[in-house]
Structures are given as structure tokens and as C-alpha cells.
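# Chains, contacts and geometry: an overview
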Amino acid sequence: MSLNNNGGDNMSAPPAKRIRIPTQNYAPDPETAEEQRMLEQALANSRKDTVRDVEILSNIPFGPTFYPTKEEFSGDPLIYLEKIRSVAEKYGICKIVPPEGWNPPFAVDIDCPKKFQTKDQSIHRLQEGISFGDGTEYTVREYQKMATAWSKKWKRRYSASDTPSAATEDNNVEKKETDAGAIGEDGVPSTTVSSSAVTSTEPSIASSSSVLNNEPPITSSSAVQSSELPKTDSATSNYEMKSGGGIQQETIIMSPENLERDYWDIVETQSHEVDVDYGNDIDTSEVGSGFPISQRGRSVNSPNFQKSDQDDLPEPEFGTEEYYRETFWNLNNIPNSKNSVLRHLKVGINGINVPWLYFGCLFSTFCWHNEDNYMYSINYHHRGAPKQWYGVPGTKQDADGVERVFKNYLSMKMRDVPDLLHHITTSFSPRILNQEGVRVCKLLQHSGEFIVTFPRAFHGGFSLGPNCGEAVNFALHDWIPHAVDANERYRTFARPSVFSHDRLVYTMAHWAKELRTKEICSALAQELRRLKNEELLLRAKLIKAGVRDVSNDVTLPPNRLDRLDEESADYDDKRLCHSCKHICFFSAVCCECSESKVSCLRHSHYMCRCSIKRKYLLIWTKEKEMNDTIAKVERRGEELANSNVVSLDNDELLEKYATEDKYHHKTYDVSVDPICALEKEVPQLVSSATSSIASARSSSASPELKQHPVQATSLGNDTVTSQQSTSAEPLVENVVKVDESV
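Residues numbered from 1 in each chain as written. Predicted model: local features only at pLDDT ≥ 70, side-chain atom pairs only at ≥ 80, totals over all residues. Heavy atoms only, no water.

### Some thoughts on the overall build of the protein
Note the threshold: Numbering of helices and strands runs from the N terminus, with a helix taken as a DSSP run of H or I at least four residues long and a strand as a DSSP run of E at least two residues long. Contacts are assigned to residue pairs with any non-hydrogen atoms lying within 4.5 Å of each other. Accessible surface is estimated by sampling points in the Shrake-Rupley manner with a 1.4 Å probe; for residues, cover comes only from the protein chains shown.
When helices and strands are tallied, the protein shows 19 helices and 22 strands. Partitioning the intrachain contacts of the protein with sequence separation of at least 6 by distance along the chain shows that 80% fall at a separation of at least 24. Accessible area of the protein: about 33100 Å², with a carbon and sulfur share of 49%.

This is the structure:
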């Protein structure tokens, strides 16, 4: 054995040890975690929604449609709405078709060089509750160019399914991808419509060519057999009788029913990836309202708003130029009707008492929502392709049902975003709502028609092509109980209200002489008593706990009760509860530690950690003033002991109109034309400024659908021709009656 130099054994060195890598806590990538949550939610939803019965869509009942006379349309629309309210509010929404002769000018400045911002909506992801990003900015004409090109591309799919050879001519109808924010050569924005290989479980009558080219599935039930149609001599009939060996061939049109199926296929099955730009909530001060501005000071945008001495003049004659400026059916004017609660607002609030304008394209969506403060809303369709509406009654049971569906199908999302419903970014099929026990109805709104939504009623829908609409809020006096519910909900989510509920209620009481029925006085007095009782109870508790009452030592400016103007709104903004964002109208708790922070009487213990001895109470409204206000409203109620509101209740008439709507839902050929000429020197066909279906029929006419003639329509500086594409023969006897029991 040899020895090493130091005398030890000559042994080999031990093998090197592997270094053990210490474990680390798992930190998921935020995007990966979000995708994982979405996957888990999708799996959970798939277990709930196991059967997709698309026939439910076609069986959803149509909401009520009303046809006021010229005499009714010459008066206050809120009086008419009080008349139909008992019937219409059962559905949540209703449609109002103006009488023959209604043809207001289209006042939007279509040549305005200003661009408006759009929202980029991913239609195939509407069930996920994701926020909308910013879309492309457009002028009015640019948006029409884009929307028309997009509708034409989708319509070619229908041609392809009817004529196999046509499908090969347009194998790729996807929107071309261009640089972000740019507009493609064909006028389509830089979003994409890509087809995914999702297999439909529905029977399809599309040709094999269209299936191979990923064309949208069109089911046999949505195609109308020519043998089922009324006879017509019109050369523009939407249906053809093609004879070949004695066999009739069906023709497929881009009808509202077909588009409705396409839309919900995209939303529910992601059969296509569709992104569209929606021009919503556009400030009418930028491009102008679609209606002319009042010269009698009836609009917030009028230079002489509620200062004109002409308001006592007789109402203008129906159909005259002055009538369209001054009628309260003009959406600029309706919030300020003598019978509207919002007339007390002397400050303009966009979307509330100042209308918003909407430019829509095929599948652009207004997601499920109810109005701010649960108010009424009225939407007018100025021009273009129809809109598909859905409505849910505003009862607590039905409204809670919609929220339950959101919580069930988006439970994970709503943990992070509890007020997701207020974001107006989510749509669920009425099929799902129906399966969950929520009552749903639908309406098809053509140009020249109004849609009215009732307090707390959830509503939503989508456009069937290029169009332009306008909407605004209003409130009848019966809205008071709904306003209470909205106010409590906002306090739960710490969401600021657009105006002080307490101030508006007291302003209504200040103008008690304007209250029209005993029922309204009773509801108002009940709310005033509730506010007083809560206020006095909490004041006593806080003072007993040690909060100082300094109301006798500090002089506060009195609450102004005759109006809610800019000065009042600014003052209210300074007394928002730090916790629930409620406007402290009657009193507020403050602390010596802050010169700006205030609290409502409910949440003073969340205000700060200071001793109760440092907190003090500011009181604007004394108990005596509260009692006097209640007594004033009660006296008015006694004066109106014998008053009542005349109601319309004609179920037979409503069923007839619903049957007509269902017929048009199957047979109306949706236009792809823009609302204005794309180039000033090149006239284009556009939709009529009057109702596409029924406004040419007087209220006393028989229930027949009349052919609309070609007519000239003024579009700002453009004059173009317009023609309705719907045949208008009487209804066939075998049309299925619509179930009105919503």
C-alpha cells in the first residue's frame, strides 16, 4: 500500500453532493390566475346550463305595443303613460308607435367633423362580465361607413346559405385586421371577426359549402316556408316561390329572428369571435340631439331654460315645425314636463335630463341594466336598422331574479366586483333567465318608434344594423317607492347618487299643489314620515351617546326646497357621507379631526377613531319643519280624495299587436343601409324617419299591415330616398298567438 506525502491512505475523494433547491411559495401569474378563475366559472356554469333549448327564444312573449291617437299625442306624454302604466309595467318595457303624420326632422349634424369615442365590445365574451375597452373614434359618416360594411359582410352569409355558389365567392368574410385604431379599406374597424370550430347541435339548413366556410348556422325553424306566407302581389316581397319539379324552395332572409339566433349563438357558444364598436352615451352637446331644441325654454339646452313667458301659450298643432320643437315627446323636453318629477332639476345631467345619443351597428349591445335611481327611461329610434329589446318586470321578485342569475353564473367575478350589474357590461340570454324563473318579454323597435322602460325594470338588447337612437330619463310621481329602494341599494354599495333623494322628495313636497292624485300624496307622505322617524331616532341615539348638538351655536345655510340647481348640487357634493356616499341633507356628524369629512347618522362610528366627545352634530332641518312638510302633503291628499287616473286595459288589442310583432320578427328583411349618405354627392338608401311597420296606420284602422311607399327623407344636408322592404298584407290566420302572461 502506498502512502501519500502526509502519511495518510491514498483514497479517492468522495463524490460531490447535489445542492438541494429550496422550495418557494407558488405565486401565480395574474393573467394565468384570472384565466383559471374563468375556466372554473365556465365549468360550474356548464353544470347548471346542461341543455341549450334554442326554441325558448322564439317562444318568449312580445311586450305590449300602444298606438296613441293624434289627440293623445298632442298632449303631455306623461299623462298618456299614466294611462297605460297599469298594463305596461307588468312587462317592464313597452313600445309606443306614433300616429300617422309623425315625422320629426333629424337634427343630428351628420357633417360634424368632431369624432366620438366608441366602446370595443367582444360579443362572444359578454357572459364573462369583462369591461369594455375603448374602440375607434369616428365621425358620424365614418361610423356609418364602418357599420354598413360590417352588415353587408354578415348579410352575404345569408346569400351563401341560400345559393351554394355564392358561398365560394366570399369564402372569407372576416373583418380584415389592420393597425390598431385604424379603419380598413372597406370601412370596417380594426377589430376581427374570426370563426372558431364550434360544432352546433342544432339542425342546419345551410349548404355544405357554407358550413365548410364557417358560416353562421341558420336553423330550419328560423327560415319561413313560402307556403306559410300571405299572398302578395308586391314585387319587393321578401320571399320567393321557386318551382322545380313541383318542389318549393325556401328563401332565407336576414330577419330579426335569424339575427337573434346568430347573436345568441355567438354569445353562448362562441361560434364566432366578434368585436364591434358601439357609439354609446354620446354627449348631445357634441353632435347635437336628433330632435330640434325648444324655443319656449322646455329643454335644459335651451338658452331660456324655464325662463320663457311663452310656456302658457297653446300647444302647437300636431305635425308642424313648431310642434316638433315644443312637444314633450321631444326627448329634450320630456324630463321637464309639468308632470315629471325631474322638472325640479335646474342643472343638466347627461343621460338623466339631457339625452344621450347612440350610434349602433350589427350586434352592438346594450347589456342588462336598470336605470339610475330606478327611474323611467324613454328611447327613440331616429334612423336605421331595428333594435332587439328584452325586458323584465320591475317587481322585487323579478329584479332579484336577474341578480340571482348574475350571482349564480358569475359568482367568482362578483366576489371581486360586487356591483358588476352597475357596470352594464354583461349579457345573459333571455333563455337562461327564463329557465331560472325570471319573466322576460321582447320587443322589436323600428325607426320612428319609442321604447319606455319602467322603474327598476331590467332591460337590454342589441342592434340589428346601422342605426341612431336617443334616450333620456324621466320620473312620474308613482316612482317614489322605487326611488327609496334605489337609494338604499346605493348606500349598500357606497355608490353616489346622481342627485339627493332626500332633497328631491322634499322639493316634491314643496310643490304639493302639483301632485295629481291621492295615491301619489299618500306615497309621498309615507316616505316623508319614514325619513323623519329615522332621522329623529338616530339623532336621539347619538346625542345620548355623547355627540354634541351644535345646531343652536352654528348658523347653517337653509336647504333650498324650490329647486335643485347648480349651487345646491355643489353644496350637496360637500356633504357626502365618507362611508356610504349618501348626501347628508337633513343632518350630519362631523369631528374636530377633519374640516371636510362628514358622516351620515348611520355610519358615524366608521368615521374616525376619535373620542365620541370630539364629534358634533350639524342639523339643517328641524323637527318642526319636517312635521309641517308632512302636513302639507296630507292636506293636498285630502283635496284629491275623489281623484283617479284613467287606465287602459285591453288585453285583446295587445294580443293582436303582439301577434303582428311576432309576424314581423320572422318576415322583416333587415336593412344594411346607413342612416345618411356616405358621400354627400352619392345618395344612399336609408331607413325611414317614421315607423318602419305601423306608424302609417291610424289608430282606428283595421289590423292590416300596409305597404310603405317610397318617400323622400331629409338627412341634414342630404336628401335621399327611403323604402320599406316589408310586404304589408293582412296577417295569415294560422299565425301562432303569443302568450301574454309574463
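Don't stop here, the text continues.
### Focus: helix α8 (residues 256-269)
Put simply, the rule reads: Given the number of residues in a helix, its expected span is that number minus one, multiplied by 1.5 Å. Residue exposure (1.4 Å probe, protein chains only): buried if accessible area is under 20% of the type maximum, exposed if over 50%, otherwise partly exposed.
Here α8 contains 14 residues, and its C-alpha end-to-end distance of 19 Å stays within 8% of the 20 Å for a straight helix at 1.5 Å per residue. Summarising burial for α8: 13 of the 14 residues are buried, a large majority. Once α8 finishes, Gln 270 follows within two positions and takes phi at roughly 55 degrees, a positive value.

### What to know about the packing of helix α15 (residues 501-510) against helix α18 (residues 623-639)
Inclusion rule: Working convention: axes come from line fits to C-alpha atoms, limited for helices to the stretch in contact. Angles between N-to-C directions cover 0 to 180 degrees. Any angle from 65 to 115 degrees is called roughly perpendicular, while one under 35 is roughly parallel, one over 145 is roughly antiparallel, and all others are oblique. Should the near helix be turned anticlockwise from the far one by less than a right angle, the crossing is left-handed, and should it be turned clockwise, the crossing is right-handed. Three classes are used: nonpolar for Ala, Val, Leu, Ile, Met, Phe, Trp, Tyr, Cys and Pro, charged for Asp, Glu, Lys and Arg, and polar for all others, with Gly counted as polar.
Axis separation between α15 and α18 bottoms out at 9 Å; the angle between their running directions is 55 degrees. The pairing of α15 with α18 is recorded here as oblique in orientation. With respect to the hand of their crossing, α15 and α18 are arranged in left-handed fashion. Taken together, the residues of α18 that come into contact with α15 (itself represented by Tyr 506, Ala 509 and His 510) are Met 626, Thr 629, Lys 632 and Val 633. Its residues assigned to classes, the contact of α15 with α18 shows 4 nonpolar, 2 polar and 1 charged.

### Section: the sheet that holds strand β15 (residues 459-463)
Just so we agree on the cut-off: Strands were regarded as paired on the criterion that DSSP finds at least two bridges between them.
Strand order across the open sheet formed by 4 strands is β10-β15-β12-β13, with antiparallel pairing between neighbours. For this open sheet the edge positions go to β10 (365-369) and β13 (441-445), each flanked by a neighbour on one side alone. When the angles between neighbouring strand axes are averaged without regard to direction, this sheet yields 15 degrees. In this sheet, β13 lies alongside strand β12 (residues 387-391) in antiparallel orientation, the contact comprising 5 bridges. Bridged to Gln 388 within β13 is Leu 444.

### Some details on the packing of α15 against helix α16 (residues 518-545)
It is the contact of α15 with α16, at a shortest axis distance of 11 Å, that shows an interaxial angle of 130 degrees. By the criterion of interaxial angle, the relationship of α15 to α16 is oblique. Viewed along their axes, α15 and α16 form a crossing whose handedness is left-handed. In this structure, α15 uses His 501, Asp 502, Val 505, Tyr 506, Met 508 and Ala 509 to contact α16, whose residues at the interface are Leu 524, Glu 527, Leu 528 and Leu 531.

### A short note on the pattern of salt bridges
Pairing is possible between side chains that carry opposite charge, provided their charged atoms lie close to one another. Selection rule: Between Lys or Arg on one side and Asp or Glu on the other, a salt bridge is scored when a side-chain nitrogen of the former is within 4 Å of a carboxyl oxygen of the latter.
Scanning all chains against the criterion turns up 41 salt bridges. Among the salt bridges present, the one from Glu 592 reaches Arg 548, with a minimum N-O distance of 2.7 Å. One end of the pair, Glu 592, is in the loop between β18 (587-591) and β19 (598-599); the other, Arg 548, is in strand β17 (residues 548-549), and 44 residues separate them in sequence. By relative accessible area, Arg 548 is classed as partly exposed at 35%. Connected through shared salt-bridge partners, Glu 488, Glu 527, Arg 530, Glu 534 and Arg 602 make up one network.

### Comments concerning the pairing of strand β11 (residues 376-384)
Burial within β11 is extensive, with 9 of its 9 residues counted as buried. Both β11 and strand β16 (residues 467-474) contribute to a ladder of 8 bridges, which runs antiparallel. Residue pairing in the sheet places His 381 in a bridge with Gly 469 of β16. Two elements, β11 and strand β14 (residues 450-453), share 4 bridges in a ladder whose sense is antiparallel. Across the sheet, Tyr 380 pairs through a bridge with Phe 450, a residue of β14.

### Observations regarding the packing of aromatic side chains
To keep it simple, the criterion reads: Pairing of aromatic side chains here covers Phe, Tyr and the six-membered ring of Trp, requires ring centres within 6.5 Å, and sorts the geometry by plane angle: under 30 degrees stacked, over 60 edge-to-face, intermediate tilted. Whether a charge sits over a ring comes down to the Lys NZ or Arg CZ being within 6 Å of the ring centre and within 35 degrees of the ring normal.
Throughout the structure, instances matching the rule amount to 36 aromatic pairs. Ring centres 5.2 Å apart and planes at 85 degrees place the aromatic pair Trp 154 and Phe 363 in the edge-to-face group. Of the two residues, Trp 154 sits in helix α5 (residues 140-162) while Phe 363 sits in the loop between β9 (356-360) and β10, which places them 209 residues apart along the sequence. Judged by relative accessible area, Trp 154 falls into the buried class, the value being 0%. Among the aromatic residues, ring-to-ring pairing joins Phe 73, Tyr 80, Trp 102, Phe 291, Phe 318, Tyr 323, Tyr 324, Trp 329, Tyr 380 and Phe 450 into one connected group. The lysine or arginine in question, Arg 575, covers the ring of Trp 620, its NZ or CZ lying 4.7 Å from the ring centre.

### Focus: unusual backbone geometry
The phi torsion of most residues other than glycine is negative, and most of the peptide bonds are trans. The phi torsion at Asp 281 lies on the positive side, around 50 degrees, for a residue other than glycine. Judged by its relative accessible area of 34%, Asp 281 is partly exposed. Unusually for a residue other than glycine, Phe 363 sits at a positive phi of about 75 degrees.

### What to know about the environment of Pro 355
Its location among the elements puts Pro 355 in the loop between α10 (321-326) and β9. For the pair Pro 355 and Pro 335, spaced 20 residues apart in the sequence, the C-alpha separation amounts to 9.5 Å. Apart from residues no more than four positions distant in its own chain, Pro 355 is found in contact with Thr 284, Leu 331, Asn 332, Glu 470, Ala 471 and Val 472.

### Looking at the sheet that holds β17
Strand order in the open sheet made by the 4 strands is β17-β20-β18-β19, with mixed pairing throughout. What marks the edges here is a single partner per strand, and that holds for β17 and β19.

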